[in-house]
Amino acid sequence: MTAQLPVESISKLSELHPKPNHIRFQYGTAGFRTLGNVLDSVLFRVGILAALRSKRLDGKTIGVMVTASHNPEHDNGVKLVDPRGEMLEAAWEVHATSLANAATTSDFVEQLEALIRSAKIDLSKPARVVYARDTRPSGPALVAALEDGFKAIGADARNAGVTTTPILHYFVRSINTKGTKNEYGEDSEDGYFTKLSSAFKKLVTGKPQLPPLVVDCANGVGAEGISKISPYLGESLTLIPHNTATTTPGALNNACGADYVKTSQKLPPSLASVLKPGQRACSLDGDADRLIYYYLDDRGQFHMLDGDKIAALVAAFIVELVKSAGLEGEIQVGVVQTAYANGSSTKYLAEVRSTHLFVYRMRDRVDRLSSPQRLPVRCVPTGVKHLHHAAEHFAVGVYFEANGHGTALFSPETQEKLESHEPTTPAQSTALNHLLSLTRLINQTVGDAISDMLLVETVLAHKSYSGLEWDSLYVDLPNRLVKVVVVDRHAFKTEDAERRLVSPKGLQAKIDDLVKRYDGGRSFVRPSGTEDVVRVYGEAVIKSQADELAFRVAGLVYDETGGDPATRPKEFI
Ligand code: NG1
Ligand code: ZN
């Protein structure tokens, strides 16, 4: 007898989680994300969808994370994690969206049955899920709705409690690889912290100890991660956590955190009296998957080291290690960016040889280890899944969004090569061991602020770089990001990895005309996948010009799409 969908229990519990009228939900680049108080029905339905996804994949464990990352505290969201710890397969994003929008319980059940038929889901298979949430106040109620979904369909669901997004991804991969030759780690927080900290300690053994690092935890779940990992790190690294008020109403991501620093290009005010000139600091975002570094120079001037600077630092380091291990030509390192990557970073990565000569001049000594190899750099559309998939095509794929989300992926073949390579000199052996430790230090499932922080600290320790020296790898081009509220952001369609608009018709030509008038000008327009806005990016050689370009393009966007002249923001020149 084939197993049946438990329609009765689903219907009964679904009635407790009705879909609000007049709201259209969309599974976007980061799952569902909107005001926390309208998401109840979505969470219930996602619980059922996660179980079906698990059944479809033969009982593999699926992850569910309840978070709205860097968004304001009143927002919340939910996203599914596929068995290898990566983002949900795109085809299922569509199923998630239509299920979330079914108007009534009977529509919902009908759609579930259609999905079971079309995706050929064998209901007799087990359904296994692991779920977690961040520290948002709306989290517990949303998790209760999610649990009703699990109960309704009879899923075997494990509650991972309050933890960071990357730790949840780590759990998913660890659970699904348990007992296989690809075992990823122990599926506990202790397993995670032990794995990262022991790799870090190996990597920095014998290197001069770095001064303590100030960590802005965005008043979010990263505060718990930072306080938990500190004892594991012992003397290898001292962390000084700030913004750890996870229970203070309104504090989450408020004037702190990676997104605040990146968008406002400023020091969080709470660190103004903390940070001393020359001291390194970093900010995590609300669910600890983004990381931005910064420091104050001797004059107290703020300098940001964003995802692009992290990518440059990390990619060059890995290239050097590959070369030192005697694996040059066998392991190709590549970098993946989005259109938001600073133009200078793309140039730096593509011209590693000449830039290192520049570094040489700045630092007054030859950095002989720096590789003259050119790095392939690819540009993909915004969204972690695009970056992740493109990075998988390289032997080692480094990807970072400018906003600080990123990681480095070692392909299974690379992993094997590293494990079986026979070094011929002690220097090769050391470099090889470092590469192997990096494969354990770096979260291979998703961007992870804690893991990335230890990665950056590793490179700084190896190269004896301060923030200033790291910063001088290249000089950022001034840039400006502007949001425009339009009637229908879906009218904006792009091509060429979001660098050009194809619709509305004629708008791109006008943007091109404007861009030509600015020295080093670059600008592009795309609809946001997480907010109901259109984003405009402008870049130029001089800051005032970058601002002007971005605001002029924003003005074009606003006018072209029938925005009301009366409400046209004044700064749109
Ligand atoms: P949208 O809202 O689509 O621009 C934002 C970020 C992305 C990504 C997602 C997911 C920018 C400009 N965009 O996407 O890079 O991180 O959120 O969180 O930073
Ligand atoms: Zn995040």
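Residues numbered from 1 in each chain as written. Chains lettered and ligands numbered in written order. Predicted model: local features only at pLDDT ≥ 70, side-chain atom pairs only at ≥ 80, totals over all residues. Heavy atoms only, no water.

## Focus on the site of ligand 1
Ligand 1 sits among Ala 30, His 70, Arg 290, Tyr 340, Thr 382, Glu 401, Asn 403, Arg 526, Ser 528, Gly 529, Thr 530 and Arg 535. One of the side-chain nitrogen or oxygen atoms of Asn 403 is found 2.9 Å away from an oxygen atom of ligand 1. Note that an oxygen atom of ligand 1 is positioned 2.5 Å from one of the side-chain N or O atoms of Ser 528. For ligand 1, whose unbound accessible area comes to 430 Å², protein coverage reaches 90%. In the shell around ligand 1, the residues fall into two nonpolar, six polar and four charged. Two domains share the shell around ligand 1, each providing at least three of its residues, namely domain 3 (307-471) and domain 4 (479-572). (Near = heavy atom within 4 Å. Polar contact = N/O pair within 3.5 Å; in protein donor to acceptor, adjacent residues only side chain to side chain. Areas by Shrake-Rupley, 256 points an atom, 1.4 Å probe, with all protein chains shown as cover. Nonpolar A, V, L, I, M, F, W, Y, C, P; charged D, E, K, R; others polar. Domains from an automatic or database assignment.)

## Concerning the coordination of the zinc ion (ligand 2)
On the protein side, the zinc ion (ligand 2) has Ser 69 (OG), Asp 285 (OD), Asp 287 (OD) and Asp 289 (OD) as donor atoms, found 2.0 to 2.1 Å from it. If you look at the zinc ion (ligand 2), its four donor atoms make angles of 86 to 165 degrees with each other, and the shape they trace is irregular. Mapping the donors of the zinc ion (ligand 2) onto the primary sequence yields the spacing S-x215-D-x1-D-x1-D. On the basis of relative accessibility, which here comes to 1%, the residue Asp 287 falls in the buried class. (Donors = N, O, S within 2.8 Å, 3.2 Å for Na, K, Ca; no water. Tetrahedral: all angles 85-135°; square planar, octahedral: opposite > 155°, others 65-115°. Buried < 20%, exposed > 50% of the residue type's maximum accessible area, 1.4 Å probe, protein only.)

## Some words on the pattern of salt bridges
The final tally for this structure, using the stated rule, is 30 salt bridges. The salt bridge involving Arg 499 is made with Asp 496; its shortest N-O contact spans 3.1 Å. Among the residues examined, Arg 499 registers a relative accessible area of 33% and is labelled partly exposed. For Asp 496, a relative accessible area of 42% gives the class partly exposed. (Salt bridge = Lys/Arg side-chain N within 4 Å of Asp/Glu carboxyl O.)

## Topic: the packing of helix 2 (residues 40-56) against helix 5 (residues 139-153)
Between helix 2 and helix 5, the least distance of the axes is 7 Å, while the angle of their chain directions is 40 degrees. In terms of their interaxial angle, helix 2 and helix 5 are classed as oblique. Helix 5 is crossed by helix 2, and the crossing has right-handed handedness. Within the contact between the two elements, helix 2 uses Asp 40, Leu 43, Phe 44, Val 46, Gly 47, Ile 48, Ala 50, Ala 51 and Leu 52 and helix 5 uses Leu 142, Ala 145, Leu 146, Asp 148, Gly 149, Phe 150, Ala 152 and Ile 153. (Axes fitted to C-alpha atoms, helices over the stretch in contact; angles between N-to-C directions. Helix = DSSP H or I, 4+ residues; strand = E, 2+ residues; numbered from the N terminus. Parallel < 35°, antiparallel > 145°, perpendicular 65-115°, else oblique. Left-handed = near helix turned anticlockwise from the far one by under 90°. Contact = heavy atoms within 4.5 Å.)

## Here we look at the pairing of strand 13 (residues 396-400)
The two faces of a sheet get side chains in turn, since along a regular strand they alternate between them. Counting buried positions over the five residues of strand 13 gives five, a clear majority of the element. Burial of the side chains of strand 13 extends over both faces: Val 396, Val 398 and Phe 400 are buried on one face and Gly 397 and Tyr 399 on the other. Sheet analysis places strand 13 next to strand 14 (residues 406-410), joined by five bridges and oriented antiparallel. Note that in strand 14 the partner of Gly 397 across the bridge is Leu 409. Hairpin connection, strand 13 to strand 14: the antiparallel pair is bridged by five residues, and Gly 404 has positive phi, about 100 degrees. (Pairing = 2+ DSSP bridges.)

## A few points about the nonpolar core
Judged by nonpolar contacts, the single largest core of 75 residues is most densely connected at Ile 318, Val 398, Leu 438, Met 453 and Trp 470. In this structure, this core is formed jointly by two domains, domain 2 (190-304) and domain 3 (307-471), each of which donates at least three residues. Apart from residues no more than four positions distant in its own chain, Val 398 is found in contact with Ala 311, Val 314, Ala 315, Ile 318, Val 333, Gly 334, Val 335, Val 336, Thr 407 and Ala 408. Formed by 47 residues, the second largest nonpolar core is a distinct cluster that contains Leu 13, Phe 44, Leu 80 and Trp 92. (Core = buried A, V, L, I, M, F, W, Y, C linked by side-chain atoms within 4.5 Å.)

## A word on the domain arrangement of the chain
Assigned domains within the chain: domain 1 (7-162), domain 2 (190-304), domain 3 (307-471) and domain 4 (479-572). The interface is formed by nine residues belonging to domain 3 together with 11 residues belonging to domain 4. Interface area for domain 3 against domain 4, summed over the two sides, is near 810 Å², with a carbon-plus-sulfur share of 53%. Its largest share of buried area at the contact with domain 4, domain 3 owes to Ala 339, Tyr 340 and Cys 379, together 62% of the area lost on that side. Inspection of the region where domain 3 meets domain 4 yields zero salt bridges. (Buried area = accessible area lost by both parts, 1.4 Å probe.)

## Description of the sheet that holds strand 11 (residues 333-337)
Two strands in a sheet stick together by hydrogen bonds in their backbones, pointing the same way (parallel) or opposite ways (antiparallel). Taken in spatial order, the four strands of this open sheet run 12-11-13-14, and their pairing is mixed. Since the sheet does not close on itself, it has two edges, and those belong to strand 12 (377-379) and strand 14, each with one partner. Strand after strand, the sheet turns through a mean of 20 degrees between neighbouring axes, direction not considered.

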